[in-house]
Amino acid sequence: MRLTRRRALAAVIGLGLLAGCTDGDQTEMPSEETESPPTETAASSPSSTATPTPTPTPTASPTPTSESPGSTTEPASGDASGSLVVMEGVAFSPMRLSVEPGTTVAWENGEALQHNVRAATFDDAATDWSFQSETVGRDGRVTYRFDDPGVYQYDCGIHGSTAMCGVVVVGDASYDGTLPCE
């Protein structure tokens, strides 16, 4: 009878040691494969839903159409070649932006909430355009090049037009209407 209890005890201790070795290997593997500082690695898990790092990498770009001559999703890195709209406080700032044709407008997410930018039509003054960005996390950026004059209305598809909306007035076009989020 003592022999059976010893074997059972040895098996339990052996399994405990084996489990401890496995957990240690899983924790160390990500730190060897990534270039993140040790403090970030210790806080992360080896799951596929990791939070973005301070310098996010682009995951995908919206597909440009004939009406969207240049649109991309990219990490924030300053106002590249046009005008900047910040997504923060569940609002676009500035809400109204006037630019010249050929200007690239960047929408940059300055908060932890996720946002996107999508073409919208709030009234008859709106220019018909097609655009739907990827979802953008903190410090993420979406850009679109406006080549033709017009009134380009947009909103955040996540928070809706009554919460987050805006307009880009391009060239000699004008807009004096009221936006649904004003």
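The text that follows walks through the structure, step by step, so that each part is easy to find. (Residues numbered from 1 in each chain as written. Predicted model: local features only at pLDDT ≥ 70, side-chain atom pairs only at ≥ 80, totals over all residues. Heavy atoms only, no water.)

## Looking at the overall build of the chain
Of regular secondary structure, the chain possesses two helices and nine strands. Reading the helices (α) and strands (β) of the chain from amino to carboxyl end gives α-α-β-β-β-β-β-β-β-β-β. Within the chain, the fraction of its 182 residues that count as buried is 30%. When contacts within the chain are restricted to residue pairs at least 6 apart in sequence, long-range pairs at least 24 apart make up 58% of them. Here the chain has roughly 11000 Å² of accessible surface; of this, 53% comes from carbon and sulfur atoms. (Helix = DSSP H or I, 4+ residues; strand = E, 2+ residues; numbered from the N terminus. Buried < 20%, exposed > 50% of the residue type's maximum accessible area, 1.4 Å probe, protein only. Contact = heavy atoms within 4.5 Å. Areas by Shrake-Rupley, 256 points an atom, 1.4 Å probe, with all protein chains shown as cover.)

## Side note on the pattern of salt bridges
The tally for this structure, following the rule as stated, stands at four salt bridges. The partner of E182 in a salt bridge is R96, with the nearest N and O atoms 2.8 Å apart. With E182 in the segment after strand 9 (165-170) and R96 in strand 4 (residues 96-99), this residue pair connects regions lying 86 residues apart in the sequence. Judged by its relative accessible area of 34%, R96 is partly exposed. For the salt bridge of D147 with R145, the shortest nitrogen-to-oxygen distance reads 2.6 Å. (Salt bridge = Lys/Arg side-chain N within 4 Å of Asp/Glu carboxyl O.)

## Describing the environment of G150
Inspection of the secondary structure puts G150 in strand 8 (residues 150-155). Once the C-alpha coordinates of G150 and G171 are considered, the two residues, 21 residues apart in sequence, prove to be 6.9 Å apart. With sequence-adjacent residues up to four places away left out, G150 is seen in contact with T127, V168, V169, V170 and A173.

## Description of the state of the cysteines
Enumeration over the complete set of coordinates arrives at one disulfide. There is a disulfide in this structure between C165 and C181, and the S-S distance comes to 1.9 Å. Across the disulfide from C165 to C181, rotation about the S-S bond amounts to roughly -85°, and the bridge is consequently left-handed. Of this pair, C165 sits in strand 9 while C181 sits in the segment after strand 9, and the two are 16 residues apart along the sequence. (Disulfide = S-S within 2.5 Å.)

## A few points about the sheet that holds strand 6 (residues 118-120)
Read across the sheet, four strands follow the order 4-9-8-6 without closing on themselves; strand pairing throughout is mixed. Each of the sheet's edge strands pairs with one partner strand only, and the pair in question is strand 4 and strand 6. Along the sheet, successive strands turn relative to each other by an average axial angle of 30°, direction set aside. Two strands pair when backbone bridges link them, and strand 4 and strand 9 are joined in this way by four bridges, in the parallel orientation. From the neighbouring strand, V99 faces strand 9, where its bridge partner is V170. (Pairing = 2+ DSSP bridges. Axes fitted to C-alpha atoms, helices over the stretch in contact; angles between N-to-C directions.)

## Topic: the pairing of strand 7 (residues 140-146)
Burial analysis of strand 7 places six of its seven residues in the buried class, which makes it a mostly covered element. Bridge count between strand 5 (residues 103-109) and strand 7: six bridges; the pairing is antiparallel. Looking at the pairing, T103 lines up with F146 of strand 7.

## Examining the packing of aromatic side chains
Within the structure shown, the criterion is met by eleven aromatic pairs. Judged by centre distance (6.3 Å) and plane angle (65°), the rings of W107 and F146 are edge-to-face. Separated by 39 residues along the polypeptide, W107 in strand 5 and F146 in strand 7 bring together distant segments of the chain. Take W107 and F146: they sit in the same class, and that class is buried. Linked through ring pairs, F92, W107, W129, F131, Y144, F146, Y152 and Y154 together constitute an aromatic cluster. (Phe/Tyr/Trp six-rings, centres within 6.5 Å; stacked < 30°, edge-to-face > 60°.)

Keep in mind that these numbers describe shape and distance, not what the molecule does.
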